[in-house]
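Read off the chains here:
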Amino acid sequence: MEVRGMGNRVHEAWKEIRDEVLRSQRETGVTEPVEAVKAPNEELGHLGFPAFSLARQLRRNPNDIAAELAGRIRTGGILRSVTTAKGYVNLFLDEERLANTVLAEIFESQERFAAGGAAVPGTWLVEYSSPNTNKPLHLGHIRNNLLGMGVSRLAEYYGHNVVKVNLVNDRGIHICKTMLAYGKWGAGSTPQSAGVKGDHFVGEFYVRFDREFRKELAAYAEATGTRPEEDGFFNGPSNLGREARDLLLKWEQGDPQTLSLWKRMNEWVLDGFRKTYERMGCRFDLTQFESDTWRFGRQLVEEGVEKGVFSQREDGAVVLDVARIDPALSGEKVLLRSDGTSVYMTQDIGTAARRVDQFFPDRLIYVVGDEQNYHFKLLFGILDLLRPGTGQRCHHLAYGMVRLPEGRMKSREGTVVDADDLMDELHALAREEVLTRAREGHAHAGGVDDRELGERSERIAQAALKFFVFRFTPKKSFEYDPKQSIDFAGQTGPYCLYAYARTRSLVRKSGTEPRFDATLVPLLALPSERVLVRQLFELPLVVEKSAETLDPSKIAEYAFNLAASFARMFNDRDYPIVTCEEARLRSARVMLAAGVGITLKTTLGLLGIDVLEEM
RNA sequence: ACGCCUGUAGCUCAGUUGGAUAGAGCAGCGGACUUCUAAUCCGCAGGUCAGAGGUUCGAAUCCUCUCAGGCGUGCCA
C-alpha cells in the first residue's frame, strides 16, 4: 500500500512538486525524467532542473524544451512561479504557503514531522557491533556502534521495521589465550576484587598473554638462533600456543571446568560491554553468540554440494570455485575444512539463512569494517547461489578504519583509543568548560548542582564524540585527532547543542510553549527566516537520501547547517526575537525558533545525541 | 603480482546516478559582547579538484594511463 506522505503536509507538498515536475516531462515526451534539485542561489530559483539531457533524448533545443516544460508546470499551489534560464527550468516556491505547511506539520507531529517517507515500508535487519569477548571496546567499535545505531534509527524514522542484531564472537583461539593467561596469572582475582570494569579486567589478560608469548618467542629465537614467524611459532614449538590450543579442544569437547571458566569470563566482559553500550545509547533486539551459531551453515553447505554449487576436493575439503560468483575472480574458497570443521564463512551462511527464515527481512545490513569487503562479496554471492535472491537483499555497510596520528590501531601493541577512556576524557573536558562558564558568571551556567553538572557534561561529551564520528561519510577512513575531537567550537556536536539550547531559552523567555498560529506566518518575511523555513522543508529529502545510502553523515551535515542558519538569525540584533517589541512579530519569530529547535532535536536524536535545555 | 577503496583550500572534510560561480569547519588576519546564552556572529584571505590524456554542449564527477596512501587476495576471524 502506498503510504508515502499520507496525511503529512510536508510529504504532500513534496509530492505535489515532484508530480508536477514529472508530469511536465512526461507530457513533453521525456522517457527518462530528471528530478528538481536545489538551485545554486535564490535569484535563479528555489529548485531547478536542467533540460540538456532531455534535449538529447528528444533531439530538440534545450531552451525550447525548458520553455515548454515551464509552460506545462501548473503553479498556484506550493509552486508560485516557473522561469527558465540558460537551459534550466527554475521553480519558485510560495514561501508563505511553505512556512504554513512546514510549521503546521512540525507543531502537530513534533519530532515525527519528516518521518515515514519510505514508499514501501519493509523490515531491515542490521547487524552491528559484533565484538570479541576478550578485550574492551575501542574507537573502532565506537564508529561501528554509532553507524549501526544511526542507520537503524534512520531506517525506523524513514518508516521501516528494524531488527538490530549483535553477533558476539565469544569463542575461538583468541578467547582461549585470554582464559589461559587468566588461569596462569589471574590468581583467582575477579573484576570485583580488582575493582576493574569486567571487559577491561579480561582485556588485561589478553594483553598479558601476548606479552608472555612474545617473551617466549624471543627466548626461543635466542636459543635456536632462528627468527620464526609468530603464527608458525604459535602452532609449532610454543608451549603457550600448545596450551591454548589444548584449551580450545577442551572447550569444543565440552569440558566442564573449561566451560565454567569460559562462562564466567564472558559474563565479566559482557557486563562491561553492557555499561558501555548503555552509555552510548546502543540497543539490540537480538544478541547472538557465536558459541551458539558456529555450527550453523554446515547443512546448507552440504546441500550446496548436492546441488553442485560446491565441490568436494580429494582431501575432503568442501570448496567453492569463486569464479562462479564473479568471473573476474579466481581461486577456491574453503567452506568446510578437510577434517569437516566449519570456517567463518560457513557460520555466516548459516546465520544469514536463519535470519531470513526468522525475520523475513527485505534487507540485511552488515556493519563491518571494509577490510572484510572480499568476505562479504563472497558471502552474498554464495547466498545467491544457495537461495537465489537472498544475497541481493544483503548489504555490507563497509566503513573505513579509524587511524591514529601514529598509524593503525593495534590492540596487541596498546595503540588503541579505549572507548570508556575516551568518553571519560571528553566528559572531564566538558565539565571543565561548564565550570569555566559558571566561574565567568554566565547566566545559564551558574547555580548548577552536581547532578546537573554531571548530566550536562555527559551530554556535551557524547554530542562531541558522536558528531565527530558521524561527520565522516562511512566508507572513508579517518584519522582520529584528539585535539580536534575535543574541540567544542565549529562543526561540532556542542555547537548544535548550543543552538538548540538557545531556541529553548527563547521559548522560556517568551513565557509559553508556542503553538502553530497561521495568522503569524505572514510576518516571517526576513531572508534569514525564509532560509530557515526552506531548510526545515528539506529534511524529508535528507532523511530519504541518508536512509537509502545508509549514510548518517548527511544528517549530521544537515543538523549543523540548520544550527548555523539559526545562529545567524539569532545574532542579528536588527531583528530581535523574544525582545522584539511588537507582540505578534515576537510570537511569530519565537514560533519559528521553536520549530527549528524541534527539528534540531529530531536530527540530533537520529544521531543518538540528546539535547540540553540549557548550556 | 592482482583486486577494491581513497587523493578537493595550510589542516579536517562536504560536493561524484555528468549540469548553473567548487562549499563548510579549524588554523591565520580584521571586526561585533552594559548578551533574546560570545561554546556565537560578520568580514578578509586561501583552490593546476594528485598528474596526463580522452569522451561532450558541459567533467571534481564518466573512461584510460601514471603517481601517492590504505586495505585485501587464509583449511584465520
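Residues numbered from 1 in each chain as written. Chains lettered and ligands numbered in written order. Predicted model: local features only at pLDDT ≥ 70, side-chain atom pairs only at ≥ 80, totals over all residues. Heavy atoms only, no water.

A short note on the protein's contact with RNA strand B
In step 1: With respect to spatial proximity, 63 residues lie near RNA strand B, and among them Asn41, Tyr88, Asp315, Tyr495 and Tyr498 are the closest.
In step 2: Between RNA strand B and the protein, one listed contact pairs a phosphate oxygen with a side-chain N or O atom of Arg337 at 2.7 Å.
In step 3: Here a phosphate oxygen of RNA strand B and a side-chain polar atom of Ser505 are 2.7 Å apart.
In step 4: Those elements that place two or more of their residues in the surface near RNA strand B are strand E2 (47-50), helix H2 (52-58), strand E4 (88-93), helix H16 (419-439), strand E15 (478-479), helix H19 (493-510) and helix H21 (553-571).
In step 5: Take the surface near RNA strand B: its biggest share by element is 7 residues, from H19.
In step 6: A per-class count over the surface near RNA strand B returns 27 nonpolar, 16 polar and 20 charged. (Near = heavy atom within 4 Å. Polar contact = N/O pair within 3.5 Å; in protein donor to acceptor, adjacent residues only side chain to side chain. Helix = DSSP H or I, 4+ residues; strand = E, 2+ residues; numbered from the N terminus. Nonpolar A, V, L, I, M, F, W, Y, C, P; charged D, E, K, R; others polar.)

Focus on the packing of helix H6 (residues 173-185) against helix H11 (residues 256-280)
In step 1: Two numbers describe how H6 lies on H11: the axes approach to 11 Å, and their chain directions differ by 100°. In this view, H6 runs roughly perpendicular relative to H11, as classed from their interaxial angle. Mapping the contact onto sequence places Ile175, Thr178, Met179 and Tyr182 in H6 and Thr258, Leu261, Trp262, Arg264, Met265 and Trp268 in H11.
In step 2: Across the contact of H6 with H11, the residue classes tally to 7 nonpolar, 2 polar and 1 charged. (Axes fitted to C-alpha atoms, helices over the stretch in contact; angles between N-to-C directions. Parallel < 35°, antiparallel > 145°, perpendicular 65-115°, else oblique. Contact = heavy atoms within 4.5 Å.)

Quick look at the pattern of salt bridges
In step 1: For the structure on display, the rule yields 44 salt bridges.
In step 2: A salt bridge links Lys275 to Asp271; the nearest nitrogen and oxygen atoms lie 3.4 Å apart. One end of the pair, Lys275, and the other, Asp271, are both in helix H11, 4 residues apart, so they sit about a helical turn from each other.
In step 3: Judged by relative accessible area, which is 47%, Lys275 ranks as partly exposed.
In step 4: A salt bridge links Glu529 to Arg589; the nearest nitrogen and oxygen atoms lie 3.0 Å apart. Of this pair, Glu529 sits in helix H20 (residues 527-548) while Arg589 sits in helix H22 (residues 583-606), and the two are 60 residues apart along the sequence. (Salt bridge = Lys/Arg side-chain N within 4 Å of Asp/Glu carboxyl O. Buried < 20%, exposed > 50% of the residue type's maximum accessible area, 1.4 Å probe, protein only.)

Structural notes on the sheet that holds E4
In step 1: Read from one edge to the other, the open sheet built from 4 strands follows the order E1-E2-E4-E3, with strand pairing classed as antiparallel. Both outer strands of the open sheet, strand E1 (37-38) and strand E3 (79-85), are each paired with one neighbouring strand and no more.
In step 2: Those strands touched by helix H1 (residues 9-27) are E2, E3 and E4, and its axis lies near 25° from that of E2. (Pairing = 2+ DSSP bridges.)

Section: the packing of aromatic side chains
In step 1: The tally for this structure, following the rule as stated, stands at 24 aromatic pairs.
In step 2: When the ring of Phe201 is compared with that of Phe205, the centres are 5.4 Å apart and the planes differ by 70°; the resulting orientation is edge-to-face. One end of the pair, Phe201, and the other, Phe205, are both in helix H8 (residues 198-224), 4 residues apart, so they sit about a helical turn from each other.
In step 3: Taking relative accessible area as the criterion, Phe205 reaches 8% and is therefore assigned buried.
In step 4: Note on Trp251 and Trp294: the rings are 5.8 Å apart at their centroids and 55° apart in plane angle, and the pair reads as tilted. Of this pair, Trp251 sits in helix H10 (residues 239-253) while Trp294 is found in the loop between helix H12 (290-293) and helix H13 (298-307), placing the two residues 43 residues apart along the sequence.
In step 5: With relative accessibility at 8%, the residue Trp251 sits in the buried group.
In step 6: You can call Trp294 buried: its relative accessible area is 12%.
In step 7: Cation over ring: Arg354 sits above Phe296, and NZ or CZ is 3.4 Å from the ring centre.
In step 8: The ring of Phe472 has Arg471 lying over it, and the distance from NZ or CZ to the ring centre is 5.2 Å. (Phe/Tyr/Trp six-rings, centres within 6.5 Å; stacked < 30°, edge-to-face > 60°. Lys NZ or Arg CZ within 6 Å of the ring centre and 35° of its normal.)

A closer look at the nonpolar core
In step 1: One finds Ile17, Phe49, Leu91, Ile142, Phe537 and Leu592 to be the most contacted residues of the largest nonpolar core, which totals 149 residues.
In step 2: By residue number, the principal contributor to this core is H22, which donates 11 residues.
In step 3: If sequence neighbours within four positions are ignored, Leu91 has contacts with Ile17, Val21, Ala36, Gly45, His46, Leu47, Ile73, Leu79, Ser81 and Val82.
In step 4: Counting 27 residues, the second-largest nonpolar core is a separate cluster that includes Leu300, Val309, Phe310 and Val343. (Core = buried A, V, L, I, M, F, W, Y, C linked by side-chain atoms within 4.5 Å.)

Comments concerning unusual backbone geometry
In step 1: Phi is positive for Lys86, close to 50°, though the residue is something other than glycine.
In step 2: Looking at the element boundaries, Lys86 is found in the loop between E3 and E4.
In step 3: Among the residues examined, Lys86 registers a relative accessible area of 75% and is labelled exposed.
In step 4: Notably, Ser129 is not glycine yet its phi reads approximately 75°, a positive angle.
In step 5: Within the element layout of this structure, Ser129 appears in the loop between strand E5 (123-127) and helix H5 (139-158).

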